[in-house]
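# A look at the structure
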Amino acid sequence: MRILIVAATVLEIRPFLKKLNPLGKAEGRVSHYQLKDTQIDVLITGIGMMQTAYCLGKQISASTYDLAINAGICGSYREDLSIGEMVHVMEDCVPEMGSEEGEEFLSLFEIGLMDPDKSPFDQGRLINRSSVKSKHLSKLKVVKGATVNRIHGKLAGIQQIISMYHPDIESMEGAAFLYSCLSDHIPSAQIRCISNYVAEKDKSRWDLPLSFNNLNKALWKITEELTI
């Protein structure tokens, strides 16, 4: 089995990496590791959809993987999701991709520039119908994601996204990861830990240490299970 782990920054998954056995030297953004009889490639894409799409597309065109896992932190639109809580993103979208029509914002699907049901889209959304099978993964709360180009802090922008797509969390890479995996038919999972609430402007109230800690614990449990 060969697994691909995708993260925006090495900071988010450093404790996880320390538990793996390195294999040779890193090749650009990709490092190779061994866990039991499984080769694990780790791709550090950089932050954002553009870098994720480029790096992931390049990697999966050059190598074959049995499954892929995207691990990172996220902001929550819901106050009933706790800071430090792990979630499994099974659906994602790109809410900023569209056109401003006066006071109204319309998606590219609504204005007819994209087919909402052309693969890998399903009614304008990216839905993971071939998720990784894992006992530990199944214990995580399933949520809907929105992938954005900016950290939102203005109420009007937040409400617009909620009214259009009803997401639970937001990240800056998730949709690019899921689009790539769906397009290449790679079983995948996007796991994230909530570090903040989307409307929270005071970055000092974000709990990065807790979210990094919980993310690495969950990623290790899932990966270790998959390599048994």
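Report on the accompanying structure. (Residues numbered from 1 in each chain as written. Predicted model: local features only at pLDDT ≥ 70, side-chain atom pairs only at ≥ 80, totals over all residues. Heavy atoms only, no water.)

Moving on to the pairing of strand 7 (residues 98-101). Sheet analysis places strand 7 next to strand 8 (residues 104-107), joined by four bridges and oriented antiparallel. Residue pairing across strands places E101 opposite E104, the latter belonging to strand 8. The hairpin formed by strand 7 and strand 8 contains two residues between the paired strands, and G102 there has a positive phi angle of roughly 70°. (Pairing = 2+ DSSP bridges. Helix = DSSP H or I, 4+ residues; strand = E, 2+ residues; numbered from the N terminus.)

Next up on the list: the nonpolar core. Counting residues in hydrophobic clusters, the biggest one holds 28 residues, and the most contacted among them are I5, I13 and I191. Going through the elements one at a time, strand 1 (2-7), helix 1 (10-17), strand 3 (30-35), strand 4 (38-44), strand 5 (67-76), strand 13 (188-197) and helix 6 (208-226) are the ones with two or more residues in this core. Tallying contributions element by element places helix 6 first for this core, with six residues. Apart from residues lying up to four places away in sequence, I13 is in contact with I5, A7, V42, I44, A71, L215, N216 and L219. In this structure, I60, Y65, A68 and I186 belong to the second largest nonpolar core, which totals 12 residues. (Core = buried A, V, L, I, M, F, W, Y, C linked by side-chain atoms within 4.5 Å. Buried < 20%, exposed > 50% of the residue type's maximum accessible area, 1.4 Å probe, protein only. Contact = heavy atoms within 4.5 Å.)

With that settled, the discussion passes to the pairing of strand 4. Counting buried positions along strand 4 gives six out of seven residues, so the element sits mostly inside the fold. Of the pairings in the sheet, the one linking strand 1 to strand 4 comprises six bridges and is parallel in character. Considered in strand 4, the bridge of A7 is made with I44. Where strand 3 and strand 4 come together, six bridges link them in antiparallel fashion. Bridge pairing in strand 4 links S31 to V42.

Counted residue by residue, helix 5 (residues 174-183) has eight buried out of 10 residues, so it is predominantly covered. H185 occupies a position one or two residues after helix 5 and carries a positive phi of about 60°.

We now examine the packing of aromatic side chains. Applying the stated criterion across every chain, the model contains three aromatic pairs. When the ring of F16 is compared with that of W220, the centres are 6.2 Å apart and the planes differ by 65°; the resulting orientation is edge-to-face. You can see F16 sitting in helix 1 and its partner W220 sitting in helix 6, a full 204 residues away along the chain. The pair F16 / W220 is uniform in exposure class, with both members buried. (Phe/Tyr/Trp six-rings, centres within 6.5 Å; stacked < 30°, edge-to-face > 60°.)

With that settled, the discussion passes to the side chain of H32. As for its position among the elements, H32 is in strand 3. Here the side chain of H32 touches D41 through a polar contact of 2.7 Å, side chain to side chain. The residues contacting H32, other than those within four sequence positions of it, are R2, N21, P22, L23, K25, E27, Q39, I40 and D41. (Polar contact = N/O pair within 3.5 Å; in protein donor to acceptor, adjacent residues only side chain to side chain.)

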